[in-house]
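Commentary on secondary and tertiary structure
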Amino acid sequence: MNIYSEIVLEHYKNPHNYGSISKANKKTVLFNPSCGDRIEMEAVFTKKKLEEIKFRGQGCAISIASASMLTDYVKNKANEDLQKLDKEFMIKMLGINLGPSRIKCALLPLEALHNLINSKS
Ligand code: FES
């Protein structure tokens, strides 16, 4: 039996918002130190909201699905609302039970998003 939900697997197989944005005004690259997997995230922020976001990288099913679902969710959200997204939100969004090592995979895209929000350029 598979431990991942159909939704997670679908996002892994066909990730949404995968790619890059030529006019991005914020970019970040993040590694999961426990496995070496990498996620790159690019976005266009206006003063008030996140207008566009895409990601690329190599990762397990959880990290890719998590990035796909998160980038879907955050598009067009107000910057102040993005700050509030946390671990609990990610667990709820993925809807699966994650052990301590898998939680790092799920949180990698959230960490990348926070890097984007908090970076200067
Ligand atoms: Fe590397 Fe999940 S095992 S990100």
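One can find the structure itself at the top, above this paragraph.
Owing to the predicted nature of the structure, the values given are computational and were not obtained by experimental measurement.

Describing the nonpolar core
Formed by 37 residues in total, the largest nonpolar core has its most connected members in L70 and L113. In terms of residue count, helix α5 (residues 100–118) provides more of this core than any other element does, 10 residues in total. What L113 contacts, discounting residues up to four positions off in sequence, is M41, L50, I53, L70, V74 and L85.

A closer look at the packing of helix α1 (residues 6–13) against helix α2 (residues 61–74)
Two numbers describe how α1 lies on α2: the axes approach to 8 Å, and their chain directions differ by 90 degrees. One finds that α1 runs roughly perpendicular with respect to α2. Side by side, α1 and α2 meet where I7, V8, H11 and Y12 of the first sit next to A61, I62, I64, A65, S68, M69 and D72 of the second. Broken down by class, the residue content of the contact of α1 with α2 amounts to eight nonpolar, two polar and one charged.

Cut-off values and rules
- Residues numbered from 1 in each chain as written.
- Predicted model: local features only at pLDDT ≥ 70, side-chain atom pairs only at ≥ 80, totals over all residues.
- Heavy atoms only, no water.
- Core = buried A, V, L, I, M, F, W, Y, C linked by side-chain atoms within 4.5 Å.
- Buried < 20%, exposed > 50% of the residue type's maximum accessible area, 1.4 Å probe, protein only.
- Helix = DSSP H or I, 4+ residues; strand = E, 2+ residues; numbered from the N terminus.
- Contact = heavy atoms within 4.5 Å.
- Axes fitted to C-alpha atoms, helices over the stretch in contact; angles between N-to-C directions.
- Parallel < 35°, antiparallel > 145°, perpendicular 65-115°, else oblique.
- Nonpolar A, V, L, I, M, F, W, Y, C, P; charged D, E, K, R; others polar.

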